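Structural features, examined
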Amino acid sequence: MDSTVKDLTRPRPAAVPVAHATPIRELDASERSLFLAHLLRLAAEDRYLRFGSPLSDAAIEHYVAGIDWRTDTIFGVFDDGLVLAAAGHFAPVTRPAATPASLGQTAEFGLSVAADARGQGLGTALFVRAAAHARNFGISSLFMHCLSENRAMIRIARRAGMEIRQTHGEADAYLALEPGTIATVIEEGVQRQIALFDFAIKRQLLLARQAFAPLPAPR
Ligand SMILES: CC(C)(COP(=O)(O)OP(=O)(O)OC[C@H]1O[C@@H](n2cnc3c(N)ncnc32)[C@H](O)[C@@H]1OP(=O)(O)O)[C@@H](O)C(=O)NCCC(=O)NCCS
């Protein structure tokens, strides 16, 4: 067994950091183009870190078109211009064969933060939200796949108490989760309302800015 692999056969419920204050909204299928635009803005190196290979625009379009919106959740953080600054794809998955059966029902999470929005905790906030969502969804472990060189992602995973398995330059991270409670369900509901309110306010401000934008100077 790889020396970096801890005993995953007895998952310990990990301490998930307290919910972050960042408003995180769940997108619906009609907003798939927003998610696509966010991913298409990622530079080749970031696409490599996000997907394990520098996907072409067409491959990213294919990926977004393949999202099952009935089972999956896309979480997003919007900036003041209502552009997605960060987004994560939460997908319940069949447990990967290499993982211990005791980890139970699993969901995979992949995330990305726009280059100019990094280092502000958005990646961590998305991760925390996904972990809470998983608990409330009856999922007992969260899984993330990334490259070992992805120090920011490994940092997020380590801080959350994830078990990390590193082989051949790749890292699989697992977080065993406690079952959701009434409190976690209510908390997620509150987070949802805050995110909707935040989005509505930003939209009003954006419309107001556009309405009162100075007219172009006459030629
Ligand atoms: C990985 C990624 C999501 C992190 O987003 P982020 O919003 O910058 O993350 P956070 O601000 O929450 O920071 C996470 C931690 O990583 C640390 N970190 C950031 N960049 C780092 C780097 N290059 N090296 C080491 N640590 C780094 C931060 O300091 C922070 O730790 P701290 O809170 O203890 O200071 C973002 O860099 C990204 O989108 N990368 C491209 C796509 C990708 O790699 N996705 C993950 C694979 S699924």
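Everything numeric in this text was worked out from a predicted model, so none of it was measured. (Residues numbered from 1 in each chain as written. Predicted model: local features only at pLDDT ≥ 70, side-chain atom pairs only at ≥ 80, totals over all residues. Heavy atoms only, no water.)

At a closest axis distance of 12 Å, the pairing of helix 2 (residues 44-51) and helix 3 (residues 57-65) adopts a crossing angle of 40°. In this structure, the crossing between helix 2 and helix 3 has a hand that is left-handed. Facing helix 2, whose interface residues are Arg-47, Arg-50 and Phe-51, helix 3 presents Asp-57, Ile-60 and Tyr-63. Its residues placed into classes, the contact of helix 2 with helix 3 shows 3 nonpolar, no polar and 3 charged. (Axes fitted to C-alpha atoms, helices over the stretch in contact; angles between N-to-C directions. Helix = DSSP H or I, 4+ residues; strand = E, 2+ residues; numbered from the N terminus. Left-handed = near helix turned anticlockwise from the far one by under 90°. Contact = heavy atoms within 4.5 Å. Nonpolar A, V, L, I, M, F, W, Y, C, P; charged D, E, K, R; others polar.)

Lining the immediate surroundings of the ligand are 21 residues, of which Val-113, Thr-124, Asn-150, Arg-155 and Arg-159 lie closest. Interatomic distance of 2.7 Å between a backbone N/O atom of Val-113 and an oxygen atom of the ligand. In the model, an oxygen atom of the ligand is placed 2.8 Å from a nitrogen or oxygen of the Gly-121 main chain. Burial of the ligand by the protein chains amounts to 76% of its free accessible area of 940 Å². Spatially, the ligand is embedded in the largest pocket. Secondary structure elements with two or more residues in the shell around the ligand: helix 2, strand 4 (106-113), helix 4 (122-136) and helix 5 (151-159). By residue class, the composition of the shell around the ligand is 7 nonpolar, 8 polar and 6 charged. (Near = heavy atom within 4 Å. Polar contact = N/O pair within 3.5 Å; in protein donor to acceptor, adjacent residues only side chain to side chain. Areas by Shrake-Rupley, 256 points an atom, 1.4 Å probe, with all protein chains shown as cover. 1 Å grid on protein atoms, 1.4 Å probe; cavity = no way out; pocket = protein on both sides within 12 Å on 5 of 7 lines; lining within 4 Å. Sits in = over half its atoms within 2 Å of the grid points.)

Another point: a nonpolar patch on the surface. Together, Ile-182, Ile-186, Val-190 and Ile-194 line one region of the surface with nonpolar side chains, adding up to about 400 Å² of accessible area. Along the chain, Ile-186 falls in helix 6 (residues 182-211). (Patch = residues over 30% accessible without salt bridge, like charges linked within 9 Å, V, L, I, M, F, W, Y side chains within 5 Å. Salt bridge = Lys/Arg side-chain N within 4 Å of Asp/Glu carboxyl O.)

Counting 34 residues, the largest nonpolar core has Phe-90, Phe-109, Leu-126, Phe-127, Leu-142 and Met-162 as the members making the most contacts within it. Mapped by element, the contributors of at least two residues to this core are strand 2 (73-78), strand 3 (84-93), strand 4, helix 4, strand 5 (141-147), helix 5 and strand 7 (170-176). Grouped together as the second largest cluster of nonpolar side chains are 16 residues, Leu-36, Ile-60, Phe-78 and Ala-87 included. (Core = buried A, V, L, I, M, F, W, Y, C linked by side-chain atoms within 4.5 Å. Buried < 20%, exposed > 50% of the residue type's maximum accessible area, 1.4 Å probe, protein only.)

This part covers the confidence of the model for the chain. Residue-level pLDDT values for the chain average 87, and 86% of them are 70 or greater. Contacts for the low-pLDDT stretch residues 1-19, under 50 throughout, to residues beyond four places or in other chains number 36 contacts. (pLDDT = per-residue confidence, 0-100.)

Turning our attention to unusual backbone geometry. Notably, Leu-82 is not glycine yet its phi reads approximately 60°, a positive angle. If you check the backbone angles, His-168 has positive phi at about 50° while not being a glycine.

Looking now at the packing of helix 4 against helix 6. Interaxial distance between helix 4 and helix 6 falls to 9 Å at its minimum, and their mutual angle equals 130°. If you check the angle between helix 4 and helix 6, you find them oblique. In this structure, helix 4 meets helix 6 at a crossing whose hand is left-handed. Where helix 4 abuts helix 6, its residues Arg-129, Ala-132, His-133, Arg-135 and Asn-136 lie against Thr-184, Val-185, Glu-188, Gln-191 and Arg-192. (Parallel < 35°, antiparallel > 145°, perpendicular 65-115°, else oblique.)

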